[in-house]
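# Topology and contacts: notes
Given next are the chains, with one letter for each unit.
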Amino acid sequence: MSAAVVNVDEPEKMEPTLQSILDQRSLRWIFVGGKGGVGKTTTSCSLAIQLAKVRRSVLLLSTDPAHNLSDAFSQKFGKEARLVEGFDNLYAMEIDPNGSMQDLLAGQTGDGDAGMGGVGVMQDLAYAIPGIDEAMSFAEVLKQVNSLSYETIVFDTAPTGHTLRFLQFPTVLEKALAKVSQLSGQYGSLLNGILGGSGTLPNGQTLSDVMEKLDSLRVTISEVNAQFKDERLTTFVCVCIPEFLSLYETERMIQELANYGIDTHCIVVNQLLFPKPGSDCEQCTARRRMQKKYLDQIEELYDEEFNVVKMPLLVEEVRGKERLEKFSEMLIKPFVPPE
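Being a predicted model, the structure only gives us computed values, none of them experimental.

Counting residues in each nonpolar core, the largest one holds 37 residues, and the members touching the most others are Leu18, Ile21, Leu47, Phe73 and Leu90. For this core, the element with the most residues is helix α2 (residues 40-54), which contributes six residues. Residues within four places of Phe73 in sequence aside, it is in contact with Cys45, Ile49, Leu60, Val84, Phe87, Leu90 and Leu324. Membership of the second largest hydrophobic core comes to 30 residues, among which are Leu59, Val145, Leu257 and Tyr302.

For the rest of this paragraph, the subject is the side chain of Ser57. Its place among the elements puts Ser57 in the loop between α2 and β2 (58-62). According to the relative accessible area criterion, Ser57 is buried, its value standing at 8%. A distance of 3.4 Å separates the side chain of Ser57 from the side chain of Arg56, its partner in a polar contact. Among all residues touching Ser57, those that are not within four sequence positions of it are Asn89, Ser149, Tyr150, Glu151 and Thr152.

What follows covers the sheet that holds strand β4 (residues 90-94). Sheets are built from strands paired through backbone hydrogen bonds, the pairs being either parallel or antiparallel. Here we have eight strands laid out as an open sheet, ordered β3-β4-β2-β5-β1-β6-β7-β8, and mixed in their pairing. Lying at the two open borders of the sheet, with one neighbouring strand each, are β3 (82-83) and β8 (307-312). Sitting on the sheet, α2 is in contact with β1 (29-34), β2, β4, β5 (152-156), β6 (234-240) and β7 (266-272), with an inclination near 155° to β1. Contacts between helix α11 (residues 282-302) and the sheet are confined to β6, β7 and β8, with β7 contributing the most and set at about 175° to the helix.

Scoring rules and cut-offs
Residues numbered from 1 in each chain as written. Predicted model: local features only at pLDDT ≥ 70, side-chain atom pairs only at ≥ 80, totals over all residues. Heavy atoms only, no water. Core = buried A, V, L, I, M, F, W, Y, C linked by side-chain atoms within 4.5 Å. Buried < 20%, exposed > 50% of the residue type's maximum accessible area, 1.4 Å probe, protein only. Helix = DSSP H or I, 4+ residues; strand = E, 2+ residues; numbered from the N terminus. Contact = heavy atoms within 4.5 Å. Polar contact = N/O pair within 3.5 Å; in protein donor to acceptor, adjacent residues only side chain to side chain. Pairing = 2+ DSSP bridges. Axes fitted to C-alpha atoms, helices over the stretch in contact; angles between N-to-C directions.

Don't take any of this as a statement about function, it's just geometry.
And the structure:
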């Protein structure tokens with residue numbers, strides 16, 4: 001009896017859409033990141049719009065100092081979550097990446113003197129630790145967001161370098177807490193003398209109060225960090241354009257995300273040119289040829305393990321609810337170039 005021939009199928013190609021993110025109902029944290037200027041905000045806003053159709057509530061949170069959410073929706077957002085006009089379950093907020101640290105350690109004295117006296121001493125101690133200002137800010141935001149009841153949170157992140165840094169924040173915070181504890185133990189009596197012998201800061205806090213807040217934030221960031229490394233709860237959407245530097249940063253980001261144990265399986269490629277057949281635009285044809293070279297590299301590297309979504313360069317700026325909704329549809333239904 002002859003042996004049966006077993007055919008080994010080629011790996012199935014991933015769908016070129018973000019539908020898998022909408023279908024994965026367990027997702028709570030969705031990060032959107034990439035090199036500056038590749039369309040992260042447009043992509044994150046569009047993804048949040050699609051998620052709002054299938055989730056009870058969605059929060060779109062900007063951690064990018066540039067803060068483009070207000071421009072994208074033509075609506076002012078701030079550090080408090082606000083309902084996006086035209087929706088009943090989509091909220092947005094923009095946070096100051098440098099503000100939470102001073103609020104945490106100094107509080108508001110009401111006289112603009114937050115940096116004086118004992119407060120300044122504590123700030124000097126904290127800022128002496130590299131990265132602690134961003135880490136504390138991020139932890140404070142996560143503590144606030146984690147206490148809210150949004151089903152899904154979409155992060156519109158800062159450019160790649162900043163994004164990779166805040167993935168290291170849990171470690172930074174743990175080191176910072178240990179360092180501040182050490183300094184407090186070594187120089188507690190000196191600080192109490194500076195603070196007038198009572199150990200009380202001008203805003204009424206004590207050194208113990210500050211230490212308790214630091215420890216509370218450390219616990220929160222540790223819990224959230226565990227969620228970030230759970231692929232059922234967290235994923236990262238990489239956004240790029242078909243150019244060398246953007247492709248290079250995307251690969252760097254994917255490698256770093258793998259090192260941190262954070263899931264990523266979606267890439268959005270923005271600003272693709274699709275010249276009409278017979279077009280005599282030499283610049284368009286040349287640029288499309290260049291884009292195709294890098295798009296081929298993206299497909300060769302990622303097509304089998306990533307949802308690679310190809311988005312066209314539009315003639316109109318994607319701003320406002322209607323245009324964002326139209327753009328968002330192409331994240332779910334592949335764009336078909338004109339013939």
